[in-house]
Amino acid sequence: MSVRLDTLPNGFRVVSERMPLLQSASIGIWVLAGGRNERIEQNGIAHFLEHMAFKGTEKRSALEIAEAIEDVGGYLNAYTSREATAYYARVLEDDVPLALDVLADIVLNPVFDPTEIEVERGVILQEIGQVLDTPDDVIFDWLQEQAYPEQPLGRTILGPTERVRAFGRADLENFVAEHYGPGQMILSAAGAVDHDALVKTAEALFGHMKPRPAAVVEPARFGGGELRKVKSLEQAHIAMAFEGPTYRDTAIYSAQVYANALGGGMSSRLFQEIREKRGLCYTIFAQAGAYEDTGLMTIYAGTSGGQVSDLVTLTIDEMKRAAGDMTQAEVTRAQVQMKAGLLMGLESPSSRAERLARMVQIWGRVPELSEVVGHIDAVNVASVRDMAEHMAEKAGLAMALYGPVGGAEDLAGLQALRVA
């Protein structure tokens, strides 16, 4: 792997990987500040800031930002997560210096024009409205809130409408001052890139920044609980979350293999038992994710209102059964699927650049692929069965239900099923 990592004197990190034969590159700035870095009165500001980065800088208007990249056939975008905000571009090899100049400009020099703030406020309020009108989106925000109640990790990334309506220029400037230091930034690139040239350009664009201490985030505390919103919808939406390992705990690999075997594809237990054999739903899946200090395995399904209790009961039954009879074939299949997904994803420079940034964020280095594959291969039937037992009977549990769910099993009933 041709990965190289350098750190400027002020703490700004540059990581890249040259991918032979490619004529394009993906390049981005990952800022290690997201939703969980917000105080309650700031909820939604990280995402608002991400939007405002494209609305004009000291030397480019919003149109000029877009034209600078699109005039060379490139692509520019951004996203906000709970632990990071990313600004990234995809361009041809010769245009990498231009892309980096634009990215540095929007991250370091936004003007936060009051008129543009009002325009973008309307856009974000429309985005919030769209999520609220999409049950299988909003239910995960509610589930996160139940898993981590009254703490930053449990709040929605978009923020509540009342906060978004009140944000002004000073709020944006204050968040930047608190969190956009060089030590909280990673320049990550993959594809047709020259690492030495990237470092030299980064020194010119970011080297002047003064180091600042990273803000301390509030530790996650899994709470659990139930949120139920009854509404006349065609489907009942059910989401459950079980507390799992952090991303620095090697047990995360057992959790991911287990989630894949339980509900990761058409051959998984939940899909076969609940959809294929019983026809109780169209969509059902399980996935395992992680943060710095906590993790979640989530299960989602959509069904009719009268079948919610049956579906939930069967789901818990399948989780408990897996603790006793998970097979080597299922574990092997899940491992192969995980490795294939990892390696196929790395065929894309965008996925590769994102992975590089994520690895530097977590480990301060980029592990060899063989190291990651080794962790996946080290998972065995016993560790998956142990994880299944923990999730089914001992892990903290949160649940969110939306739609015709008035007669569904409540959390107390679900807990009784787990220990029965």
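Residues numbered from 1 in each chain as written. Predicted model: local features only at pLDDT ≥ 70, side-chain atom pairs only at ≥ 80, totals over all residues. Heavy atoms only, no water.

What follows covers the overall build of the chain. Of regular secondary structure, the chain possesses 16 helices and eleven strands. Taking 420 residues into account, the globule formula puts the C-alpha radius of gyration at 22 Å, and the chain, at 23 Å, falls close to it. Along the longest, intermediate and shortest principal axes, the C-alpha atoms of the chain span 65 × 50 × 40 Å. With 420 residues in all, the chain has 52% of them scored as buried. Taking the contacts inside the chain whose residues are at least 6 apart along the sequence as the reference set, 81% of them involve residues at least 24 apart. In the form shown here, the chain has an accessible surface area of approximately 17,800 Å², with 51% of it arising from carbon and sulfur atoms. (Helix = DSSP H or I, 4+ residues; strand = E, 2+ residues; numbered from the N terminus. Rg over C-alpha atoms; globule rule 2.2 N^0.38 Å. Buried < 20%, exposed > 50% of the residue type's maximum accessible area, 1.4 Å probe, protein only. Contact = heavy atoms within 4.5 Å. Areas by Shrake-Rupley, 256 points an atom, 1.4 Å probe, with all protein chains shown as cover.)

With that settled, consider the sheet that holds strand β8 (residues 236-244). Strands sit in the order β7-β11-β8-β10-β9 across an open sheet of five strands; the sheet is mixed. Looking along the sheet, the strands with just one partner apiece sit at the ends: β7 (225-230) and β9 (284-290). In this sheet, neighbouring strand axes are inclined to one another by 10° on average, regardless of whether the strands run parallel or antiparallel. Looking at chain direction, β8 and strand β11 (residues 397-403) are connected through six bridges and run antiparallel. (Pairing = 2+ DSSP bridges. Axes fitted to C-alpha atoms, helices over the stretch in contact; angles between N-to-C directions.)

We note that Phe-112 has phi near 55°; this positive angle belongs to a residue other than glycine. Mapping Phe-112 onto the fold places it in the loop between α3 (96-108) and α4 (114-132). Even without a glycine there, the phi angle at Glu-150 is positive, about 55°.

So, about the packing of helix α1 (residues 45-52) against helix α7 (residues 169-179). It is at 10 Å that the axes of α1 and α7 come closest, and there the two elements cross at 100°. Accordingly, the angle class assigned to the pair α1 and α7 is roughly perpendicular. Contact with α1, carried on its side by Ile-45, Ala-46, Phe-48, Leu-49 and Met-52, involves Asp-171, Leu-172, Phe-175 and Val-176 of α7 and no other residues of that element. Residue composition of the contact of α1 with α7, by class: eight nonpolar, no polar and one charged. (Parallel < 35°, antiparallel > 145°, perpendicular 65-115°, else oblique. Nonpolar A, V, L, I, M, F, W, Y, C, P; charged D, E, K, R; others polar.)

Here we come to the pairing of strand β4 (residues 75-80). As a general feature of sheets, a regular strand has side chains that alternate between the two faces. Across the two faces of β4 the burial differs, with Leu-76, Ala-78 and Thr-80 buried and Tyr-75, Asn-77 and Tyr-79 not buried at all. The hairpin turn running from β4 into strand β5 (residues 85-92), its antiparallel successor, is four residues long.

What follows deals with the pattern of salt bridges. One pass over the full model with this rule turns up 29 salt bridges. Linking Glu-173 and Arg-169 is a salt bridge whose minimum nitrogen-to-oxygen distance equals 3.2 Å. Separated by four residues within a single helix, Glu-173 and Arg-169 lie in helix α7, roughly one turn from each other. A residue is classified by how much of its surface remains accessible, and Glu-173, at 36% relative accessible area, is partly exposed. For the salt bridge of Arg-248 with Glu-292, the shortest nitrogen-to-oxygen distance reads 3.6 Å. With Arg-248 in the loop between β8 and α9 (251-263) and Glu-292 in the loop between β9 and β10 (295-303), this residue pair connects regions lying 44 residues apart in the sequence. A residue is classified by how much of its surface remains accessible, and Arg-248, at 36% relative accessible area, is partly exposed. For Glu-292, a relative accessible area of 38% puts it in the partly exposed group. Each of Arg-269, Glu-318, Arg-321, Asp-325 and Glu-330 takes part in one network of salt bridges that share partners. (Salt bridge = Lys/Arg side-chain N within 4 Å of Asp/Glu carboxyl O.)

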